[in-house]
Amino acid sequence: YRSSIGAASPWHEYFLSLPRGRVDIAVFWGADGDRDGMEALKWTQGTEIQSILSPYSQLALRERINEYFENIACPMLQQLQLSYVLKDFHRAYSLVSSRAFIVDAYLGLSLVPVADAFNHIENNHVHLQSDYHVCSACGSLDECDHDLEYADSSLALITSIPDTCEMVANSPIGPSEEVFNTYGDRLTNAQLLCQYGFLLDGNENNVITWTTKQLLDGTAKPEGTFSVWGKLASRWPHHCGWDRCQLVYNTESRVVDDDGTLIQNRAMHTLLELNADGQISHQLWLLVFTTVLPKVDDTIDDMISLAKQVAQMQERLEASLASGDSADDSGPSTADFECRAPDAAISFVQQIAERIMQICRRKIESAHSAEVSASALGDILDGLSHERKLTRLAISYALEERATLQSCQSAWTEMVDLCSELCN
């Protein structure tokens, strides 16, 4: 609407500064039937880009955007006697997706002139700062009539501080140095491609995720396994021993910012992931452990006890691999495994390792052109014209995921080999 009324809008000059065309966020790849977008779309198959656009497929999400335009936006624009075509709405959607910020409790997601001019990087120089806790009814930072409803609330403020959005420097900026902002501290490349249309080299935030359905397909009694895993994960949310290991890492369900404010409280099933270093999360390890149990009708305490014993054995085996020995005498003794022989714990570790290798292999096989080797994919990328921007982005991302999955596979293959050696 604002761009439709042209110079009558107080933001007219700002709109003139924005890209004239649609930003190439992933949801619109191939929307015009162009070769580059259609080819890029193929390479998202089986990747986190596809997962982010779920539970709706990319096309279904685009259809929902189109339906919103037809059923909600168009009638509103017609009432204002303004003409607007779908292509313009796609551009507006892509601009908001790639440039908007959460400002406060009243304005919510908003375009902020000048603030959106900074590019994103992990080690940013500046960040957007505003007072989020304004009146959600009128936007006032000062005490207002609406505060009477919250007489005992700490949100009822009396202040003369002006309500502003500020770009605040958080690190030194050198002469002639490009100033970078952050669009989010934990954005993965898949999220960047879906929301902003670009990716970062060596993004440490990258993760590859699985659904519980993907992980439990083919296992006995998947419903019972999921229920047991949920109880185990709630009772044993992390294992301190993983901090000394290279194969598994602890991840937190509560995400907080630097001042301790809760940003996100992640559900347990969203923590089934592989990080950029090729390590699986504790929650994923625990679910795989649950799937290799011969039965899941022991008490939760007994299963947690066994899981901890197996984790300790894995620590010992990892230490052995790191030292180059075939066995390691340090760590828990045979007696630490109560009535279970060490061979049983080693067998559990081997089964877990084999299952993780299978999970990674299936993920690789679900991707587009899975039969093509990573080196051949690199050759395809190198041979592409730079005019094929979207295809290059999609293949680059697919290669990133392939490399991470293969790294994970390789590490757990070494674990299987060691377990086989010790059990024979």
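Reading the values: rules and limits
Residues numbered from 1 in each chain as written. Predicted model: local features only at pLDDT ≥ 70, side-chain atom pairs only at ≥ 80, totals over all residues. Heavy atoms only, no water. Helix = DSSP H or I, 4+ residues; strand = E, 2+ residues; numbered from the N terminus. Buried < 20%, exposed > 50% of the residue type's maximum accessible area, 1.4 Å probe, protein only. Contact = heavy atoms within 4.5 Å. Areas by Shrake-Rupley, 256 points an atom, 1.4 Å probe, with all protein chains shown as cover. Axes fitted to C-alpha atoms, helices over the stretch in contact; angles between N-to-C directions. Parallel < 35°, antiparallel > 145°, perpendicular 65-115°, else oblique. Nonpolar A, V, L, I, M, F, W, Y, C, P; charged D, E, K, R; others polar. pLDDT = per-residue confidence, 0-100. Core = buried A, V, L, I, M, F, W, Y, C linked by side-chain atoms within 4.5 Å. Left-handed = near helix turned anticlockwise from the far one by under 90°. Patch = residues over 30% accessible without salt bridge, like charges linked within 9 Å, V, L, I, M, F, W, Y side chains within 5 Å. Salt bridge = Lys/Arg side-chain N within 4 Å of Asp/Glu carboxyl O. Phe/Tyr/Trp six-rings, centres within 6.5 Å; stacked < 30°, edge-to-face > 60°. Disulfide = S-S within 2.5 Å. Lys, Arg positive; Asp, Glu negative; His and termini not counted. Charge placed at Lys NZ, Arg CZ, Asp CG, Glu CD.

Remarks on the overall build of the protein
Then comes step 1: Helix and strand counts for the protein come out as 13 helices and twelve strands.
Then comes step 2: Sorting the 424 residues of the protein into buried and exposed places 42% on the buried side.
Then comes step 3: Within the protein, contacts between residues at least 6 apart in sequence are counted, and of these 70% link residues at least 24 apart.
Then comes step 4: Taken as a whole, the protein presents about 22,900 Å² of accessible surface, with 50% of it coming from carbon and sulfur.

Quick look at the packing of helix α10 (residues 300-323) against helix α13 (residues 389-423)
Then comes step 1: Two elements in contact, α10 and α13, have axes whose closest approach is 10 Å; the angle formed by their N-to-C orientations is 100°. Classified by the angle their axes make, α10 and α13 are roughly perpendicular. Between α10 and α13, the residues in contact are Gln314, Leu317, Glu318, Ser320 and Leu321 and Trp412, Glu414, Met415, Leu418, Cys419 and Leu422, respectively.
Then comes step 2: Residues belonging to the contact of α10 with α13 are distributed by class as follows: seven nonpolar, two polar and two charged.

Here we look at helix α9 (residues 282-292)
Owing to its 3.6 residues per turn, the α-helix brings residues three or four apart onto one side.
Then comes step 1: Of all eleven residues in α9, eleven are buried, a share of seventy percent or more.
Then comes step 2: Turning to α9, its buried residues are His282, Gln283, Leu284, Trp285, Leu286, Leu287, Val288, Phe289, Thr290, Thr291 and Val292.

Some words on the confidence of the model for the protein
Then comes step 1: Averaged over every residue, the pLDDT of the protein is 86; the share at 70 or more is 87%.
Then comes step 2: Across the protein, strand β12 (residues 280-281) holds the top mean pLDDT of 98, while strand β9 (residues 254-256) sits lowest at 49.
Then comes step 3: Note on residues 326-341: pLDDT is under 50 here. Beyond four places in sequence and across chains, it has 24 contacts.

Some points on the nonpolar core
Then comes step 1: In this structure, Ile280, Trp285, Leu286, Phe289, Ile352 and Trp412 are the most contacted members of the largest nonpolar core, which totals 51 residues.
Then comes step 2: Going through the elements one at a time, α7 (212-216), α8 (222-235), α9, α10, α11 (342-365) and α13 are the ones with two or more residues in this core.
Then comes step 3: Of the residues forming this core, the biggest block, eleven residues, is contributed by α11.
Then comes step 4: Each residue touching Trp412, except ones within four places of it in the same chain, is listed here: Leu247, Val248, Ile280, Trp285, Gln314, Ile352, Ala353, Ile356 and Met357.
Then comes step 5: Among the nonpolar cores identified, the runner-up in size contains 37 residues, and Phe28, Ile49, Leu95 and Leu399 belong to it.

As for the packing of helix α12 (residues 374-383) against α13
Then comes step 1: Their axes nearest at 10 Å, the elements α12 and α13 cross at an angle of 160°. Considering the angle they form, α12 stands roughly antiparallel to α13. As for the relative orientation of α12 and α13, their crossing is left-handed in sense. Of α13, the residues touching α12 (which contributes Ala374, Leu377, Gly378, Ile380 and Leu381) are Arg392, Ile395, Ser396, Leu399, Arg402 and Gln406.
Then comes step 2: Class assignment of the residues belonging to the contact of α12 with α13 gives a composition of six nonpolar, three polar and two charged.

A look at a nonpolar patch on the surface
Then comes step 1: Side chains of Val96, Ile102, Leu109, Leu111 and Tyr132 sit close together on the surface and give an oily, nonpolar patch of about 450 Å² of accessible area.
Then comes step 2: You can see Leu109 is positioned in strand β2 (residues 109-110).
Then comes step 3: The exposure class of Leu109 is exposed, given its relative accessible area of 52%.

Here we look at the packing of aromatic side chains
Then comes step 1: Applying the stated criterion to the full structure yields twelve aromatic pairs.
Then comes step 2: Measuring from ring centre to ring centre gives 6.3 Å for Trp236 and Trp285, while their planes differ by 80°; the resulting arrangement is edge-to-face. On the criterion of sequence distance, the pair formed by Trp236 in the loop between α8 and β8 (248-249) and Trp285 in helix α9 is long-range, its members being 49 residues apart.
Then comes step 3: Of the residues examined, Trp236 reaches a relative accessible area of 6% and is grouped as buried.
Then comes step 4: Pairing Trp242 with Trp285 gives two aromatic rings, centres 5.1 Å apart and planes at 65°, and the pair type is edge-to-face.

Here's the deal with the state of the cysteines
Then comes step 1: Going through the model one piece at a time under the given rule, you end up with zero disulfides.
Then comes step 2: This cysteine, Cys408, is not joined by any disulfide, and Cys360 carries the nearest cysteine sulfur, 3.6 Å off.

Here's the deal with the environment of Asp36
Then comes step 1: Mapping Asp36 onto the fold places it in helix α2 (residues 35-43).
Then comes step 2: Apart from residues no more than four positions distant in its own chain, Asp36 is found in contact with Glu387, Arg388, Lys389, Leu390 and Thr391.

A short note on a negative patch on the surface
Then comes step 1: Residues Asp131, Asp142, Glu143, Asp163 and Glu166 make up a contiguous surface patch of negative charge.
Then comes step 2: Examined against the element boundaries, Glu166 turns out to sit in strand β5 (residues 165-169).
Then comes step 3: Glu166 sits in the partly exposed class, given a relative accessible area of 41%.

Some remarks on the pattern of salt bridges
Then comes step 1: Per the counting criterion, the structure on display carries seven salt bridges.
Then comes step 2: The shortest N-O distance in the salt bridge between Lys213 and Asp217 comes to 3.4 Å.
Then comes step 3: With a closest N to O distance of 2.2 Å, Arg235 and Asp301 form a salt bridge. Pair noted here: Arg235 is in helix α8 and Asp301 is in helix α10, with a separation of 66 residues, a long-range link.

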